[in-house]
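Below, each chain spelled out in residue letters.
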Amino acid sequence: MIYDKVDDRGRRYRELGKGCIEFEPTVSINGLEIPQSELAAYNASRRAAQERNVATAKNAVHSRQKPQNCPFSSGCDTTCTGEKCGLFFDGKCSIAAIADATGAEVDTNGKRCPLSPSAHCGDCALYASGCALVRIAAACKK
């Protein structure tokens, strides 16, 4: 069925005979009237938008930096406080930034931290390709 004419309110219709018209059936979704011929395209665009939203949410979860422990914190919660800390600069601990600038890599993953009795390398804010303090020392030795 081809609804090839549009009335003054924007509704599509076809003429069945002299003075007899038939309007295109519509479907109401969330209070929105959609012509039946556009329903498949509307549903496809909604699915695509929903998939984009899900993908964006998954990317946000995966790209979110996991909470890291700070070897200088004491007490029960040793989580890095980030922007609240005086050593935090440009999204990371400034000691780790200095170590990154040296380019040195020393594997210290899993070793116990002498600064914090409960912390281990790997989940520490100073850890990236090794402990930042050890990486600075390795760069000074070169």
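The structure we're discussing is the one just above.
Residues numbered from 1 in each chain as written. Predicted model: local features only at pLDDT ≥ 70, side-chain atom pairs only at ≥ 80, totals over all residues. Heavy atoms only, no water.

**Student:** Just checking my understanding: could you explain a nonpolar patch on the surface for this structure?
**Tutor:** Taken together, Phe 72, Leu 87, Leu 115 and Leu 133 make up a surface patch of nonpolar side chains, about 340 Å² in accessible area. With respect to the helices, strands and loops of the structure, Leu 87 is situated in the loop between α1 (39-63) and β6 (88-89). In this structure Leu 87 comes out as partly exposed when scored by relative accessible area, which is 33%. (Patch = residues over 30% accessible without salt bridge, like charges linked within 9 Å, V, L, I, M, F, W, Y side chains within 5 Å. Areas by Shrake-Rupley, 256 points an atom, 1.4 Å probe, with all protein chains shown as cover. Salt bridge = Lys/Arg side-chain N within 4 Å of Asp/Glu carboxyl O. Helix = DSSP H or I, 4+ residues; strand = E, 2+ residues; numbered from the N terminus. Buried < 20%, exposed > 50% of the residue type's maximum accessible area, 1.4 Å probe, protein only.)

**Student:** How should the pairing of strand β2 (residues 12-17) be read in this particular structure?
**Tutor:** Strand residues, when the strand is regular, have side chains that alternate between the two faces of the sheet. With two bridges connecting them, strand β1 (residues 5-6) and β2 associate as antiparallel partners. Across the sheet, Lys 5 pairs through a bridge with Tyr 13, a residue of β2. The loop that links β1 with its antiparallel partner β2 comprises five residues; one of these, Gly 10, has a positive phi angle of about 90 degrees. By the bridge criterion, four bridges tie β2 to strand β3 (residues 20-23) in an arrangement that is antiparallel. For Tyr 13, the partnering residue across the bridge sits in β3 and is Phe 23. Joining the antiparallel neighbours β2 and β3 is a turn of two residues, in which Gly 19 adopts a positive phi near 80 degrees. (Pairing = 2+ DSSP bridges.)

**Student:** What am I meant to see in the packing of aromatic side chains here?
**Tutor:** Remark: the centre distance and the inter-plane angle together describe each pair of aromatic rings, the angle taken between the planes. Within the structure shown, the criterion is met by one aromatic pair. Its end group placed over the ring of Phe 23, Arg 11 keeps NZ or CZ at 4.1 Å from the ring centre. (Phe/Tyr/Trp six-rings, centres within 6.5 Å; stacked < 30°, edge-to-face > 60°. Lys NZ or Arg CZ within 6 Å of the ring centre and 35° of its normal.)

**Student:** Before we go on, may I ask you to explain the pattern of salt bridges in this structure?
**Tutor:** Pairs can form between side chains of opposite charge whenever their charged atoms are close. This structure, assessed with the given rule, holds six salt bridges. Between Lys 5 and Glu 15 there is a salt bridge, with its nearest N and O atoms 3.1 Å apart. Taken together, the residues Lys 5 in strand β1 and Glu 15 in strand β2 connect sequence positions ten residues apart. The exposure class of Lys 5 is partly exposed, given its relative accessible area of 33%. Note on Glu 15: relative accessible area 47%, which makes it partly exposed. For Glu 24, the salt bridge identified is with Arg 12, shortest N-O distance 3.2 Å. Placement of the pair is Glu 24 in the loop between β3 and β4 (26-29) and Arg 12 in strand β2, with a sequence separation of twelve residues. Looking at Glu 24, the relative accessible area reads 11%, which means it is buried. The partly exposed category is assigned to Arg 12, whose relative accessible area is 27%. What emerges from the salt-bridge pattern is a single network uniting Arg 12, Glu 24 and Glu 38.

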